[in-house]
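# Results of the structural survey
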Amino acid sequence: LFLPRLSGVLCITPQQEKLYRAAFPNLDILTQALGCLKFPAPNEVETEKRRQRRTVVYLGHLHRYKGVHDLLDQADFFHQHNLKLHLLGGKTKQTERFRAKLQQQHTGGLSADEPGVHFFPSMPPAQLHQHLEKYASVGIVPLQDSYYNRALTCPVNALDSISHHLPVIA
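A short tour of the structure in this document, coming up. Because the structure is predicted, anything quoted here is derived from the model rather than measured.

## A word on the pattern of salt bridges
- Applying the stated criterion across every chain yields a total of 4 salt bridges.
- For the salt bridge of Arg-150 with Asp-145, the shortest nitrogen-to-oxygen distance reads 2.9 Å.
- Judged by its relative accessible area of 65%, Asp-145 falls in the exposed class.

## Some points on unusual backbone geometry
- Positive phi outside glycine occurs at Asn-82, with the angle close to 55 degrees.
- Following the sequence through the fold, Asn-82 ends up in the loop between α4 (75-80) and β4 (84-88).
- Although it is not a glycine, His-165 adopts a positive phi angle of roughly 65 degrees.
- Its place among the elements puts His-165 in the loop between α8 (156-163) and β7 (168-169).
- Classification of His-165 as partly exposed rests on a relative accessible area of 38%.

## Brief notes about the sheet that holds strand β5 (residues 116-120)
- Pairing within the open sheet is parallel, and its 5 strands lie in the order β5-β4-β3-β6-β7. The open sheet is flanked by β5 and β7, the only strands paired with a single partner.
- Direction of pairing for strand β3 (residues 55-59) relative to β4: parallel, over a ladder of 5 bridges. Paired with Tyr-58 across the two strands is Leu-87, which belongs to β4.

Analysis parameters
- Residues numbered from 1 in each chain as written.
- Predicted model: local features only at pLDDT ≥ 70, side-chain atom pairs only at ≥ 80, totals over all residues.
- Heavy atoms only, no water.
- Salt bridge = Lys/Arg side-chain N within 4 Å of Asp/Glu carboxyl O.
- Buried < 20%, exposed > 50% of the residue type's maximum accessible area, 1.4 Å probe, protein only.
- Helix = DSSP H or I, 4+ residues; strand = E, 2+ residues; numbered from the N terminus.
- Pairing = 2+ DSSP bridges.

Shown next, in the form of structure tokens:
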């Protein structure tokens, strides 16, 4: 319905541009990488405080192809190694389902103060950046290897972590 009305396409990767140019040779196409906010670099004391938090942060949708299920399979690892995993994203009902499933798997349960897995539904950018500043030690981007993840998306979640001067596991 709308494709014939397009006047242009904005792409975030060169691979997207190539794909759209092949499909729509007469369309104006621009590729512009996603930008992100810049936050001040932490000093050595702040960096050490971040490390001491022992909190790995995942940002984004809670879909299998984003690698979330692989992270959840490691809930015991996080708990045993005194690490917290914060999953930021998804809808409230989704996070409640994941939380219930994890609690069934771990009869002792995991409270918010304990190491383990903790869910936070999608939040506005300002709140997200506050969360990263207050809790994060490292960002994680466990994308499954697929054509889409390799060529057609930009893991902006990694850029958010990098903009906060956090190391990123990808």
